[in-house]
Amino acid sequence: MLKRVLRASVSFLLVLALAGLFSHSFFIVRGVDEASSSVGEADVAVRQAFNATLDAERAGANVSGLILRLNEAGGILAEAEIALGNGNSSEAASKAGQCIGIAQSVKSDADVLKASALDEAQTVFWASLTFSVVSITAFAVVLMLVWRWFKRGYVRKMLGMKPEVASDEA
Amino acid sequence: MKLEDYKIVFAAVGLIGVLILASPTLGLVLHLPGGEKFSALWVLGPGHMAEDYPFNVTAGVSYLVYVGVGNHMGSSTYYVVYVKFRNETEPLPNVTTGAPSVLAPLYEYRMFLEDNSSSEVPLTFSFSNVSSVGGQSTVGNLAINGVPFGVDKSVSWDAENSGYFYQLFMELWIYDPASDGFSFHNRFVSRWLNMTASV
């Protein structure tokens, strides 16, 4: 009876130890997977923030401030990648989280900047188009009037001329 | 001058005037092609000059170089610089085929640069677990900017140049928004390091 209890206890302890061992490996693998996916998300967030910044720049916005913050996010992302490569999952996940926060704020600021730059560009375009159309019309009218005045004067001058008789005899 | 000649003069003046007055709008609509697009990658010594590069290196001593990137691509650009370490038998990037080195990067820098701007970042490195047995040198660890990496590289004694030569090199990668991916930008810089002093 005592032997049976002892055997059961040992078996139970063995099962417990094995379960502990597997759960430890399971949690380590899960930690690495989570850190890897966080770093992947940070990478995507930084790319999206950069694409939004590029769009804002193409729309004519000044993106110097955004580029500074992107460099901050990029530095943290590089640290996260290096930490992940060195097996430091918790640091990698923490850095990835920081990076995502900065990248998302850059992206939303870039979208706002782009919208305001597009508005401004549209205003400038319509102002310059109005200036060009009005000034070209005025210039054409003035040029036409000057031409008519000049033509009239030229014809009058021609009509007022007396014919000259010339001889080609030497 | 005949009246027809004056007419041509007036037409020319009119055309020039119209072009001048339309130039503010044309400037917004027409985009002329810019100059040549390129990026630059360089490595400088500890004084930000192309001199005093670390060459004879020893274990336990920290060395400093600066890695610089210049952007002339016509718009803001996202770069990654990968730092790699090799012995004489391992491959460098192939600039003819545009292929990067197959070695895994140890360290990386991520940089965002506006057009016509550049950036220089410090790269400190030190070696540990260095040994030399029977004409063979082995480097166990390389720390870059304080981050340790196990490298385990070995080289044979180079009798011609009298030293154990390793190479630290940096590859430039560029982000392409169209494909949403990075590609090797076909630029790399390297420094030979002679480990003789530490043996």
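For the structure itself, consult the block above.
What counts, and at which threshold
Residues numbered from 1 in each chain as written. Chains lettered and ligands numbered in written order. Predicted model: local features only at pLDDT ≥ 70, side-chain atom pairs only at ≥ 80, totals over all residues. Contact = placed C-beta atoms within 7 Å. Helix = DSSP H or I, 4+ residues; strand = E, 2+ residues; numbered from the N terminus. Nonpolar A, V, L, I, M, F, W, Y, C, P; charged D, E, K, R; others polar. Pairing = 2+ DSSP bridges. Core = buried A, V, L, I, M, F, W, Y, C linked by C-beta atoms within 7 Å. Buried ≥ 20, exposed ≤ 12 C-beta atoms within 10 Å, placed from the backbone. Axes fitted to C-alpha atoms, helices over the stretch in contact; angles between N-to-C directions.

1. Topic: the interface of chain B and chain A
Then comes step 1: Between chain B and chain A, the contact holds 25 residues from the first and 32 residues from the second.
Then comes step 2: Of all elements in the fold, only α1 (3-29) and β4 (107-113) of chain B reach the threshold of two or more residues within the side of chain B that touches chain A.
Then comes step 3: The element best represented in the side of chain B that touches chain A is α1 of chain B, accounting for 11 residues.
Then comes step 4: Of the residues in the side of chain B that touches chain A, the class split is 16 nonpolar, 5 polar and 4 charged.

2. Things to note about the pairing of strand β7 (residues 147-156) of chain B
All names here are of chain B.
Then comes step 1: Sheet topology note: the strand β6 (residues 136-144)/β7 ladder contains 8 bridges and is antiparallel. Note that in β7 the partner of Val 139 across the bridge is Lys 153.
Then comes step 2: Where β6 folds back onto β7 in an antiparallel hairpin, the turn is made up of 2 residues, including Asn 145, whose phi is positive at roughly 50°.

3. Description of the nonpolar core
Then comes step 1: Core analysis: the largest hydrophobic core is formed by 65 residues, its most contacted members being Ala 42, Ala 49, Ala 73, Ala 80, Cys 99 and Ala 103 of chain A together with Val 81 of chain B.
Then comes step 2: Leaving out residues up to four positions away in the same chain, Ala 103 of chain A has contacts with Ala 42, Ala 45, Val 46, Ala 49 and Ala 73 of chain A.

4. Digging into the sheet that holds strand β1 (residues 38-44) of chain B
All names here are of chain B.
Then comes step 1: Spatially, β1-β2-β5-β6-β7 is the arrangement adopted by the 5 strands of the open sheet, whose pairing is antiparallel. On the outer flanks of this sheet lie β1 and β7, each paired with one strand and no other. For this sheet the average axis-to-axis angle between neighbouring strands, irrespective of direction, equals 25°.
Then comes step 2: Two elements, strand β2 (residues 63-72) and strand β5 (residues 117-133), share 9 bridges in a ladder whose sense is antiparallel. Looking across to β5, one finds that Tyr 66 is bridged to Pro 122.

5. Thoughts on the environment of Val 83 of chain B
All names here are of chain B.
Then comes step 1: Relative to the assigned elements, Val 83 resides in strand β3 (residues 77-87).
Then comes step 2: According to the C-beta neighbour criterion, Val 83 is buried, with 20 such atoms within 10 Å.
Then comes step 3: Here the alpha-carbon distance between Val 83 and Ala 12, two residues 71 residues apart in the chain, equals 62 Å.
Then comes step 4: Residues contacting Val 83, with those up to four places away along its chain left out, are Pro 105, Leu 106, Tyr 107, Glu 108, Leu 123, Ile 144 and Met 170.

The quantities given are spatial measurements derived from coordinates; they are silent on function.
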